[in-house]
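# Coordinate inspection notes
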Amino acid sequence: MSANPFLDPTLVHGDLYRGDGRLADRTQALHRAKISGSDVADTIANLLAARVPRGAAVLDIGCGRGTTTLRLADRLRPRRLIAVDASAALLRTTRDRLGDAGALGSVVCADFHHLPLLDSVADAAVAAFCLYHSPTPTLAVAEIARCLRPGGAAVLVTKSLDSYAELDHLVRAAGLDPHGTSRPSLYESFHSGNLHTIAATNLIVIDVQREEHVFHFADATHLARYLTTTPKYRITLTGGIPALAATLRLRLPAPPYTTQSMVSYAIAVRP
Ligand SMILES: C[S@@+](CC[C@H](N)C(=O)[O-])C[C@H]1O[C@@H](n2cnc3c(N)ncnc32)[C@H](O)[C@@H]1O
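Residues numbered from 1 in each chain as written. Predicted model: local features only at pLDDT ≥ 70, side-chain atom pairs only at ≥ 80, totals over all residues. Heavy atoms only, no water.

### Focus: the nonpolar core
Formed by 60 residues in total, the largest nonpolar core has its most connected members in L156, L167, F217, L223, L227 and L248. Excluding its chain neighbours within four sequence positions, the residues that come into contact with L227 are L167, V171, Y233, L244 and L248. By size, the runner-up hydrophobic cluster in this structure holds 24 residues, among which are I44, A56, L70 and V269. (Core = buried A, V, L, I, M, F, W, Y, C linked by side-chain atoms within 4.5 Å. Buried < 20%, exposed > 50% of the residue type's maximum accessible area, 1.4 Å probe, protein only. Contact = heavy atoms within 4.5 Å.)

### A look at the pairing of strand β8 (residues 257–269)
Among the 13 residues of β8, 11 are classified as buried, and the element is accordingly described as predominantly covered. The pairing of strand β7 (residues 204–217) with β8 spans 13 bridges and is antiparallel. Residue pairing in the sheet places V208 in a bridge with A266 of β8. (Helix = DSSP H or I, 4+ residues; strand = E, 2+ residues; numbered from the N terminus. Pairing = 2+ DSSP bridges.)

### Brief notes about helix α9 (residues 220–227)
Where burial is concerned, most of α9 is hidden: 6 out of the 8 residues are buried. Residues of α9 that are buried include every one of A220, H222, L223, A224, Y226 and L227, and no others.

### Considering the pairing of β7
Pairing of strand β1 (residues 34–36) with β7, which is carried by 2 bridges, proceeds in the antiparallel orientation. Note that in β7 the partner of S36 across the bridge is V214.

### Some details on the site of the ligand
Around the ligand sit 19 residues, and of these G62, D85, D111, F112 and A128 come closest. Within the backbone of A128, an N or O atom sits 2.8 Å from a nitrogen atom of the ligand. Looking at side-chain class alone, the shell around the ligand contains 12 nonpolar, 5 polar and 2 charged residues. (Near = heavy atom within 4 Å. Polar contact = N/O pair within 3.5 Å; in protein donor to acceptor, adjacent residues only side chain to side chain. Nonpolar A, V, L, I, M, F, W, Y, C, P; charged D, E, K, R; others polar.)

### Re the packing of α9 against helix α10 (residues 240–251)
As a packed pair, α9 and α10 sit with axes 8 Å apart at the nearest point and diverge in direction by 125 degrees. When the axis of α9 is compared with that of α10, the two are oblique. Where α9 crosses over α10, the two elements pack in a sense that is right-handed. When α9 is examined against α10, the residues A220, T221, L223, A224, R225 and L227 are found in contact with a partner set consisting of I241, L244, A245, L248 and R249. Classifying every residue of the contact of α9 with α10 by side-chain character gives 8 nonpolar, 1 polar and 2 charged. (Axes fitted to C-alpha atoms, helices over the stretch in contact; angles between N-to-C directions. Parallel < 35°, antiparallel > 145°, perpendicular 65-115°, else oblique. Left-handed = near helix turned anticlockwise from the far one by under 90°.)

### Quick notes on helix α5 (residues 88–100)
Given 3.6 residues to a turn, an α-helix orients residues that are three or four positions apart in the same direction. When the terminal C-alpha atoms of α5 are compared, their 18 Å separation across 13 residues agrees well with the 18 Å that a helix rising 1.5 Å per residue should span. Inspection of α5 places A89, L90, L91, T93, T94 and L98 among the buried residues, and these make up the whole buried set. Against the buried residues of α5 lie α2 (21–33), α4 (67–76), β3 (80–85) and β4 (106–109). One or two positions beyond α5, positive phi appears at G102, with a value near 70 degrees. (Expected span 1.5 Å × (residues − 1).)

Bear in mind that shape data such as this cannot, by itself, settle questions of function.
In structure tokens:
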């Protein structure tokens, strides 16, 4: 077991993604707080739309709840769209959302280190905010490269090591976890700083684009909602979001609480 919860397979394949509630709550809290930064699914779809023709075969690796998958279906109109994830529950959500949207697409439950897909099957592949769950992301990149046809395009997306670091300080200042500031980043294995190097192990990197995303939590309840979705902190307080919000209100300066994350996109092709 790793000391980093994002690299602990028991947690990643258990509490974090066993159901879709925690990911949905985290995404919703972050979206509500975002005051600057483009929509990531839109950005990915735009990057690929410029490189792959309509009717392509497209993979969304580590698809989660399928937000990017849906956008790819809409923008690229692929002839084949395969969403891959290790979580059966999240794949059910993705499949249902594709069905509700009337979009074509299939889901495959698999580990991204061992994709059950043929060589050169895809014209394009996306891996957004998932390879930081691998202690060996180069192996997952090698699998993605294997599944792309020569010349096929990949967009790999991750965050900076210092993402949300301001919140570590707030949690410490509130007396909720004195060690949050000294723990490794959740994104330590695959982040904005090593994205190019890791992508380049098996792909030709054409470009890396970066964009700062800024989040503004307007009140203590909103911040508490987000904090309960991150496994970084060891908060022993009982009473759920109301108790956490009350403690934050009591011990922190008045809101808003602001934090940031640099989102990076590597655009690469299979040689
Ligand atoms: C933060 S979510 C990202 C979801 C989506 N790509 C997005 O951008 O919203 C990370 C996803 O990676 C998946 N994941 C983690 N480890 C995996 C592995 N070894 N193989 C396949 N999927 C994995 C999780 O189940 C989860 O759905």
